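Residue-level listing of the chains:
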Amino acid sequence: MLQIKAIILQPENPFKWASGWNSPIYCDNRKTLSYPEVRNYIRQSISLMIKSHYKGANIIAGVATAGIPHGVLVAEELGLPFIYVRSEAKKHGKKNQIEGHFEEGQSVILVEDLISSGKSSIEVVKVLRSKNLNVKGVVSIFTYGFQNAIDNFDKENCKYISLSDYNSLLEEAIKSQYIKEDDLSILKEWRINPSNWKR
């Protein structure tokens, strides 16, 4: 992500997240799709994580929209069917919220691009469970590792794992001189209480 500049740091001009939080960092995992080597690495790595952490999955599911392309790639790698879940049911046609074929009782792995608070992922987990699907866990490319995300997943009794996390990102960013020491202090400060952070 650092090599392809999918991580953007703007401590002096923070981003506004959909949650309303101000953030000095933006993680644009969609950009990984434009780089075949990175895309393939993510596909293979997530597939290996699923094989080692979640045995017996029948289906891979993606979260619309950012989880769909990586979910499809992982499903292809594992030779499994793919479905995806909208944030809400369509207002027309068949009015589906889950797209694709599935059967009750099947085991699902949910693929996300990143996890911040975990709320959007948990909402999708609830939708899948409402259709009597067994959600074995969630896999993401990146997580910020916020405590409220950990609490949200624990509350729903749902496991989740990620290829990379915030602390690892900062370590690599310093090593590669992607960020300065001054940036590091701001990023660590934000990480402690992101919902109330202001610059």
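Residues numbered from 1 in each chain as written. Predicted model: local features only at pLDDT ≥ 70, side-chain atom pairs only at ≥ 80, totals over all residues. Heavy atoms only, no water.

## Here we look at the overall build of the protein
- The secondary structure content of the protein amounts to 6 helices and 10 strands.
- For a compact globule of 199 residues, the expected C-alpha radius of gyration is about 16 Å, and the protein comes in at 17 Å, within 12% of that figure.
- Viewed in the frame of its principal axes, the protein has a C-alpha envelope of about 50 × 35 × 30 Å.
- When burial is assessed residue by residue, the protein has 43% of its 199 residues classed as buried.
- Considering only contacts within the protein whose residues lie at least 6 apart along the sequence, 61% involve residues at least 24 apart.
- When the accessible area of the protein is evaluated, it comes to approximately 10700 Å², of which 47% is carbon and sulfur surface.
- Averaging the coordinates of the 26 positive side-chain charges in the protein and doing the same for the 22 negative ones gives two points 5 Å apart. (Helix = DSSP H or I, 4+ residues; strand = E, 2+ residues; numbered from the N terminus. Rg over C-alpha atoms; globule rule 2.2 N^0.38 Å. Buried < 20%, exposed > 50% of the residue type's maximum accessible area, 1.4 Å probe, protein only. Contact = heavy atoms within 4.5 Å. Areas by Shrake-Rupley, 256 points an atom, 1.4 Å probe, with all protein chains shown as cover. Lys, Arg positive; Asp, Glu negative; His and termini not counted. Charge placed at Lys NZ, Arg CZ, Asp CG, Glu CD.)

## Here's the deal with unusual backbone geometry
- Here Ala64 and Thr65 are connected by a cis peptide whose omega angle stands at 0°.
- Residue position: Thr65 is located in the loop between strand S5 (59–63) and helix H2 (67–78).
- In this model, Lys95 sits at a positive phi of 60°, which is unusual for a non-glycine residue.
- Here Lys95 is to be found in the loop between strand S6 (82–85) and strand S7 (98–99).
- The exposure class assigned to Lys95 is exposed, which follows from its relative accessible area of 52%.
- The backbone of Asn132 sits at a positive phi, close to 60°, despite the residue not being glycine.
- Mapped onto the elements, Asn132 comes out in the loop between helix H3 (119–130) and strand S9 (134–143).

## Focus: the packing of aromatic side chains
- In the structure shown here, the tally under the stated rule is 13 aromatic pairs.
- Here the aromatic rings of Trp17 and Tyr144 are separated by 5.0 Å at their centres, their planes lie at 50°, and the arrangement is tilted. Within this pair, whereas Trp17 is found in the loop between strand S2 (15–16) and strand S3 (22–23), its partner Tyr144 is found in the loop between S9 and helix H4 (147–155), the two being separated by 127 residues in sequence.
- Exposure remark for Trp17: the relative accessible area of 12% places this residue in the buried category.
- On the accessibility criterion, Tyr144 (2% relative accessible area) is buried.
- A ring pair is formed by Tyr144 and Phe146, whose centres lie 5.4 Å apart and whose planes are at 5°; its orientation type is stacked. With respect to class, Tyr144 is no different from Phe146; both count as buried.
- Three or more aromatic residues link up through ring pairs in this structure, and these residues are Trp17, Trp21, Phe142, Tyr144, Phe146, Tyr166 and Trp190. (Phe/Tyr/Trp six-rings, centres within 6.5 Å; stacked < 30°, edge-to-face > 60°.)

## Points about the side chain of Ser162
- For Ser162, the location among the structural elements is in strand S10 (residues 160–165).
- A polar contact of 2.3 Å, which involves the side chain of Ser162, links it to the side chain of Ser140.
- Residues in contact with Ser162, not counting those within four places in the same chain, are Met49, Ser140, Ile141, Phe142 and Thr143. (Polar contact = N/O pair within 3.5 Å; in protein donor to acceptor, adjacent residues only side chain to side chain.)

## Focus: the side chain of Glu99
- Of note, Glu99 is situated in strand S7.
- At 3.4 Å, the side chain of Glu99 and the side chain of Asn96 are in polar contact.
- Aside from chain neighbours lying at most four places away, what touches Glu99 is Ile83, Tyr84, Arg86 and Lys90.

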